[in-house]
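Below are the chains, spelled out letter by letter.
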Amino acid sequence: MPSVRLPSTRMPSTRLSAALLRATALELVVLAGHALLYPTGITGERHPATGSATGTGTATGTTTGTAGHPGPAPVSAPAGTTALPTGHPDRPPVVLLHGFIDNRSVFVLLRRSLARHGWHHLESLNYSPLTCDIRTAAELLGRHIEEICARTGHREVDIVGHSLGGLIARYYVQRLGGDRRVRTLVTLGTPHGGTAVAPLAGAHPIVRQMRSGSAPIEELRLPAPGCRTRFVSFWSELDQVIVPVEAACIDHPDLDVVNVRVTGVGHLALPVHPAVAAGIRQALDAHAPAQGPAGTASVA
């Protein structure tokens, strides 16, 4: 499998405790900052397009992405909608999808980083914390992406998903034919293999679905021949939400996957850390990455 090469840093075992303390302190700082920003992301985004695009999707979003299907058909903007200009002709829109009990405010710093480096079409989707099923959330994501394609004239998008957001996006790509619309899916601390530590696991259905052995997790283990999306999964050795930490890696024989090991960063800091942001930018721009060992890379 191909890989994205990022700067590699090994962490000696004797430094693990100190690194964990630093990562935990950073997590607390990120949590405090995010608590202040959280109210700013409760409402959905307003798009600078005229008319009234409803975001309900079109019939093109229901076809499945299997081998032998033609590529995405050209998309026409809905009546009364003006297609927006794109900052870079080769870069599709980037859709940002937050994690459990979160909202689009978690991506404030990542959005700023992407915009500063030439990504001018960035979109966020808030899904309700009352959403009880990954599959339902994935269907909503599909409708949202169809609306983006219709509004912008792009045939494809890239997605960056944090935690549960990455799992929702992967389900859309693998199980709902989303590979015809998604060029690259980047996940940050996503429990691809399920996690043994899930807060409120007995209270919220969608959190139970993040546990190993749940129906959605098992569906993602099924064959996915011809899947056209490229996957880049960032996982942290100090992630205390994903247990075991390797469960945040994607292991599937049919998928084009790069698993990126992150050092010194915890779960909450993944969407805000500048080194991770640099890795995300590289992943989104890596159309034909060089061959690497076992589809892995690392970022300090």
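Just so it is clear, the model here is predicted, and its values are computed rather than measured.

Draft legend 1. Here's a closer look at the nonpolar core. In this structure, Leu141, Ile159, Leu164 and Ile168 are the most contacted members of the largest nonpolar core, which totals 34 residues. Looking at this core, the elements with two or more residues in it are strand S1 (94–97), helix H3 (134–152), strand S3 (157–162), helix H4 (164–175), strand S4 (182–188) and helix H5 (205–208). Counting residues in hydrophobic clusters, the runner-up holds 24 residues, among them Trp119, Leu122, Val265 and Leu284.

Draft legend 2. Spatial organisation of the environment of Leu140. On the secondary structure map, Leu140 appears in helix H3. Leu140 sits in the partly exposed class, given a relative accessible area of 29%. Measuring from C-alpha to C-alpha, the distance between Leu140 and Tyr172 comes to 9.3 Å, with 32 residues separating the pair along the chain. Ignoring any residue separated from it by four or fewer positions in sequence, one finds Leu140 in contact with Leu125 and Tyr127.

Draft legend 3. The packing of aromatic side chains, seen in detail. On inspection of all chains with the given rule, the structure shows zero aromatic pairs. If you follow Arg91 out to its NZ or CZ, it ends over the ring of Trp119, 3.7 Å from the centre.

Draft legend 4. Expanded view of the packing of helix H2 (residues 108–116) against helix H7 (residues 274–285). Across the interface, H2 lies against H7 with an axial gap of 10 Å and an inter-helix angle of 50 degrees. As far as their axial angle goes, H7 and H2 are oblique. Crossing hand, H2 versus H7: right-handed. On H7, the residues that touch Leu110, Ser113 and Leu114 of H2 are Ala277, Ile280, Arg281 and Leu284. Of the residues contributing to the contact of H2 with H7, the split by class is five nonpolar, one polar and one charged.

Draft legend 5. Focus on the pairing of strand S2 (residues 122–125). By the alternation rule, side chains of S2 split into Leu122 and Ser124 and Glu123 and Leu125, which are all buried. Looking at chain direction, S1 and S2 are connected through four bridges and run parallel. Across the sheet, Leu97 pairs through a bridge with Leu125, a residue of S2. Handedness of the crossover joining S1 and S2 through H2 is recorded here as right-handed.

Draft legend 6. Expanded view of H3. Its 19 residues place the ends of H3 27 Å apart at the C-alpha level, agreeing with the 27 Å of an ideal helix rising 1.5 Å per residue. A large share of H3 lies buried, amounting to 14 of its 19 residues. The opening residue of H3, the one whose side-chain oxygen lies 2.9 Å from the backbone nitrogen of Arg135, is Asp133. Positive backbone phi, approximately 85 degrees, marks Gly153, located one or two places after H3.

Draft legend 7. A look at the environment of Leu21. Looking at where Leu21 falls in the secondary structure, it is placed in helix H1 (residues 16–37). For Leu21 and Leu238, which are 217 residues apart along the polypeptide, the C-alpha to C-alpha distance reads 9.9 Å.

Draft legend 8. Layout of H7. With twelve residues, H7 extends 17 Å between its outermost C-alpha atoms, agreeing within 8% with the 16 Å of an ideal straight helix rising 1.5 Å per residue. Buried within H7 are the following residues: Ala275, Val276, Ala277, Gly279, Ile280, Arg281, Ala283 and Leu284.

Draft legend 9. The arrangement of the pattern of salt bridges in detail. Summed over all chains, the structure comprises eleven salt bridges. Of the charged contacts in the structure, one is a salt bridge between Arg151 and Glu147, with a shortest N-O distance of 2.6 Å. Of this pair, Arg151 and Glu147 both sit in helix H3, four residues apart, which is roughly one turn of that helix. Its relative accessible area of 9% is what places Glu147 among the buried residues. Close ionic contact of Glu218 with Arg221 constitutes a salt bridge, the shortest N to O distance being 3.1 Å.

What counts, and where the lines are drawn
Residues numbered from 1 in each chain as written. Predicted model: local features only at pLDDT ≥ 70, side-chain atom pairs only at ≥ 80, totals over all residues. Heavy atoms only, no water. Core = buried A, V, L, I, M, F, W, Y, C linked by side-chain atoms within 4.5 Å. Buried < 20%, exposed > 50% of the residue type's maximum accessible area, 1.4 Å probe, protein only. Helix = DSSP H or I, 4+ residues; strand = E, 2+ residues; numbered from the N terminus. Contact = heavy atoms within 4.5 Å. Phe/Tyr/Trp six-rings, centres within 6.5 Å; stacked < 30°, edge-to-face > 60°. Lys NZ or Arg CZ within 6 Å of the ring centre and 35° of its normal. Axes fitted to C-alpha atoms, helices over the stretch in contact; angles between N-to-C directions. Parallel < 35°, antiparallel > 145°, perpendicular 65-115°, else oblique. Left-handed = near helix turned anticlockwise from the far one by under 90°. Nonpolar A, V, L, I, M, F, W, Y, C, P; charged D, E, K, R; others polar. Pairing = 2+ DSSP bridges. Right-handed = clockwise from strand over helix to strand, strands pointing away. Expected span 1.5 Å × (residues − 1). Polar contact = N/O pair within 3.5 Å; in protein donor to acceptor, adjacent residues only side chain to side chain. Salt bridge = Lys/Arg side-chain N within 4 Å of Asp/Glu carboxyl O.

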